[in-house]
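Analysis of the macromolecular model
Below are the chains, spelled out letter by letter.
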Amino acid sequence: MSGTPQADFYRPFRFPSVLVGDSNLGGISTTLASYESLALRGYDIPSILLFENARYRNHEMLSTQLRGKTLVSAVPAPPPMLEDPVKEAESMAKYYEQLDEHMLPVIKHLDKAHEARFDRLAEMEQKAKDVFWWPFTQHQTVPQTTVIDSAYEDYFVTYKKNENGEMEPNEMFDSCASWWTQGLGHANPRLTMAAARAAGRYGHVMFPETANEPALSLAERVLSIDTWAQRVFFSDNGSTAIEVAIKMALRATTKRYGWSDATPIDVLGLEGGYHGDTIGAMDACSPNVYNKNVQWYKPKGHWLQAPSIHISKSKVHVRLPEVMEGGVHNYESLGAVYATDKRGGDPLVDVYKKYVRSELQSLREQGRHIGALLMEPVIMGSGGMIFVDPLFQRVLVDTVRAEGADLLGYKAQEEAKGWEGLPIIFDEIFAGWYRLGRRSASDFLGVKPDIVGYAKTLTGGLVPLALTVTKESLYDIFLSDKKEECLLHGHSYTAHPIGCSVAGETIDTLEEFARVDKPTEWTSFRQNWKCNDVWSMWNPETVDHLSNLDRVDGVMSLGSVLAVELKDEQSKGYGSTIAKSILQKMRHGNFDQNGAGINLFVRPLGNVIYLMTSQITTPERVRMCERILLECLE
């Protein structure tokens, strides 16, 4: 516990807490401040105790202030101290006897609150099944509900009934990073305080035609890092951020190439890409398991096949789709694959250029109007944790910018400003802000977009917030004297100060972790991989071991992500169930020897098992997760 404040150290235990208040002058404020400080850290405070003070009667005002949420009790103050130790002992013994009758109601209240908490935990599993409609879940196949009582750092504290019908606690490592949002740990005190400061100062305030300090500071901070951009648009989630980006891009392309507003416009993307669940974002994806049963879904795009990176039998290779030439190309290391700027002489450059040019020429022959290139750089998350060869994405961007307009047969009706060929949109909702070990996934490509979407880790895993960051030239397109020609998109909580304040604190923390000029929380991971640019929190020896297992088709790891592709002769992709029994064992198996009694909360992506740490996960916790994973696979 060295270096950790007691308020943070004890919080995960969720002990019922009795706050001893101050009954003297000024005691109401100090007691409330202490109460609020504990509450902000997630403590249960069923009781506040004060000594009786007939003059100030602080307990009465505190009861009024807390509105019955906490039992506030006043007990007699100790008698004056006596010099004679024998008489002092007798006096205090008598006092404690008298005190018992005052404490009895408090003890009963604590017992009642404790029983109520566990009664609620006992009923939550069934009640959740009765009232929740979980996302991405087939309810008929859920054998057990995970009841999360609280969370801290990388862990859920869960409860379930044991064989005696008693509620039993268990810690589960959040191995899916709570749908990839978790960056700085659950209930992070710094983020909690950032949110509380903004909530106390602003709550939420209107954003159009206004400015608030957290929003302005965040925008300035992001633009100081993304120096290619000049404008920041705020929204609430990744899907919305991408829809905003699409609106920006399509308006720009339509204007430059003189298309009418009635012209059907598509996007150019990658097969397996995923950009969210709102209708517009769905339409920007190829037909897949996520959209095939949505009645309004109408695909509006053309999607290229992408080469992917795998480690199999200790060998790093790029697997080419059949539309190129099929087969694999081997590399000596992951570092060699991600050294994009040094792969100019790689024979795959010509293979990729030939394929991209052919596809664009085919679109021209079809008379298609393409309004943007939209893709997830480096990794396609929901598509199955597919690590795309960064050289392919670099060639794709370079070709679209240098030759795209000519290959597609488009003639500019105005001078090109700010972007070339087509606007390039990077969906970094998942990969941005150090999820893959670097601040932006575009750093692996060595090329910047015209528009980028950020969310998830942006706020460290605490509150929803998304950004669409872009260039001044795209912003200028919407300038007009007519209101209807502005970017008519927004939501009620745009640029809410709480989220912006948390995002600012998150960026400060992550930037500190990312420093290479001094030891940080990530130094040991980088040393394991002998690299500051291409590294993972997962041990290279474990990755190598996994790649040689008989039931594993391939494995990949970068940053906090570990993806293991299982062999499945029956079905691949999201519909595969081959990992189901393995995942159940990870969640509910007994790992007392290898995992110190910890389980892993994991979510499947078909035949791909992925594990994801936060950015604060320690090497010891990573090794624990690796031992459990290997035990379940071997």
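Residues numbered from 1 in each chain as written. Predicted model: local features only at pLDDT ≥ 70, side-chain atom pairs only at ≥ 80, totals over all residues. Heavy atoms only, no water.

1. A word on empty space enclosed by the protein
Space left empty within the atom packing is revealed by a probe, the size of a water molecule, rolled over the atoms. Within the structure shown, the criterion is met by one cavity of 30 Å³ or more. If you add up the space inside the largest cavity, you get close to 80 Å³. As for the largest cavity, its lining consists of Gln-144, Thr-145, Thr-146, Val-147, Thr-158, Tyr-159, Lys-160, Asn-170, Met-172, Arg-587 and His-588. Ranked by the residues each element gives to the lining of the largest cavity, the list is headed by strand β5 (residues 155-161), at three residues. Across the lining of the largest cavity, the residue classes tally to three nonpolar, six polar and two charged. (1 Å grid on protein atoms, 1.4 Å probe; cavity = no way out; pocket = protein on both sides within 12 Å on 5 of 7 lines; lining within 4 Å. Points joined across faces, edges and corners; volume = space filled by probe spheres on them. Helix = DSSP H or I, 4+ residues; strand = E, 2+ residues; numbered from the N terminus. Nonpolar A, V, L, I, M, F, W, Y, C, P; charged D, E, K, R; others polar.)

2. Considerations on a nonpolar patch on the surface
On the surface, a cluster of nonpolar side chains totalling about 390 Å² of accessible area is made up of Phe-9, Tyr-10, Phe-13 and Phe-15. Structurally, Phe-15 is set in the loop between α1 (6-9) and β1 (18-20). On the accessibility criterion, Phe-15 (47% relative accessible area) is partly exposed. (Patch = residues over 30% accessible without salt bridge, like charges linked within 9 Å, V, L, I, M, F, W, Y side chains within 5 Å. Areas by Shrake-Rupley, 256 points an atom, 1.4 Å probe, with all protein chains shown as cover. Salt bridge = Lys/Arg side-chain N within 4 Å of Asp/Glu carboxyl O. Buried < 20%, exposed > 50% of the residue type's maximum accessible area, 1.4 Å probe, protein only.)

3. Describing the nonpolar core
Counting residues in each nonpolar core, the largest one holds 164 residues, and the members touching the most others are Phe-234, Tyr-338, Tyr-352, Met-385, Phe-392, Leu-396 and Ile-609. If we skip the residues at most four places from it in the chain, Phe-392 touches Leu-270, Leu-304, Gln-305, Ala-306, Pro-307, Met-324, Tyr-352, Tyr-355 and Val-356. With 10 residues, the next largest nonpolar core counts Leu-19, Ile-45, Ile-48 and Leu-66 among its residues. (Core = buried A, V, L, I, M, F, W, Y, C linked by side-chain atoms within 4.5 Å. Contact = heavy atoms within 4.5 Å.)

4. Digging into the packing of aromatic side chains
Working definition: an aromatic ring pair is given by the centre-to-centre distance plus the angle between the planes. Per the stated rule, a full pass over the model turns up 27 aromatic pairs. Judged by centre distance (5.6 Å) and plane angle (55°), the rings of Tyr-95 and Tyr-96 are tilted. By relative accessible area, which is 6% here, Tyr-95 ends up buried. Tyr-96 sits in the partly exposed class, given a relative accessible area of 47%. Judged by centre distance (5.6 Å) and plane angle (35°), the rings of Tyr-152 and Tyr-155 are tilted. With relative accessibility at 15%, the residue Tyr-152 sits in the buried group. Judged by relative accessible area, Tyr-155 falls into the buried class, the value being 7%. Directly above the ring of Tyr-475 sits Arg-231, whose terminal nitrogen or CZ lies 3.6 Å from the centroid. Here Arg-438 stacks its cationic end above the ring of Phe-444, 5.0 Å away from the centre of that ring. (Phe/Tyr/Trp six-rings, centres within 6.5 Å; stacked < 30°, edge-to-face > 60°. Lys NZ or Arg CZ within 6 Å of the ring centre and 35° of its normal.)

5. With respect to the pattern of salt bridges
This model, assessed by the stated rule, comprises 28 salt bridges. Of the charged contacts, one joins Glu-505 and Arg-197 as a salt bridge, the two residues approaching to 3.9 Å between their closest N and O atoms. Pair noted here: Glu-505 is in helix α15 (residues 497-513) and Arg-197 is in helix α6 (residues 189-201), with a separation of 308 residues, a long-range link. Beyond isolated ion pairs, a larger network of salt bridges with shared partners links Arg-14, Asp-44, Arg-117 and Asp-149.

6. A few points about helix α12 (residues 390-408)
An ideal rise of 1.5 Å per residue puts 27 Å on 19 residues; α12 reaches only 24 Å between its terminal C-alpha atoms. Considering bend angle alone, the principal kink of α12 is centred on Ala-402 and spans about 60°. Capping of α12 at its N-terminal end is provided by Asp-389; its side-chain oxygen lies 3.1 Å from the backbone amide nitrogen of Leu-391. Residue Gly-409 follows α12 closely and has a positive phi angle near 80°. (Expected span 1.5 Å × (residues − 1). Bend = angle between axes of the 7 residues up to and from the residue. Polar contact = N/O pair within 3.5 Å; in protein donor to acceptor, adjacent residues only side chain to side chain.)

7. Remarks on the environment of Ser-63
Inspection of the secondary structure assignment puts Ser-63 in helix α3 (residues 58-66). According to the relative accessible area criterion, Ser-63 is partly exposed, its value standing at 31%. Here the side chain of Ser-63 touches His-59 through a polar contact of 3.0 Å, landing on its backbone oxygen.

8. Here's the deal with the packing of helix α2 (residues 27-40) against α3
α3 packs onto α2 with a crossing angle of 40° between their chain directions and a minimal axis gap of 10 Å. By the angle class used here, α2 and α3 are oblique. Crossing of α2 over α3 shows right-handed handedness. Here Gly-27, Ile-28, Thr-31, Leu-32 and Tyr-35 of α2 lie close against α3, whose contacting residues are Asn-58, Met-61, Leu-62, Gln-65 and Leu-66. (Axes fitted to C-alpha atoms, helices over the stretch in contact; angles between N-to-C directions. Parallel < 35°, antiparallel > 145°, perpendicular 65-115°, else oblique. Left-handed = near helix turned anticlockwise from the far one by under 90°.)

The values reported here are purely geometric and, on their own, carry no functional implication.
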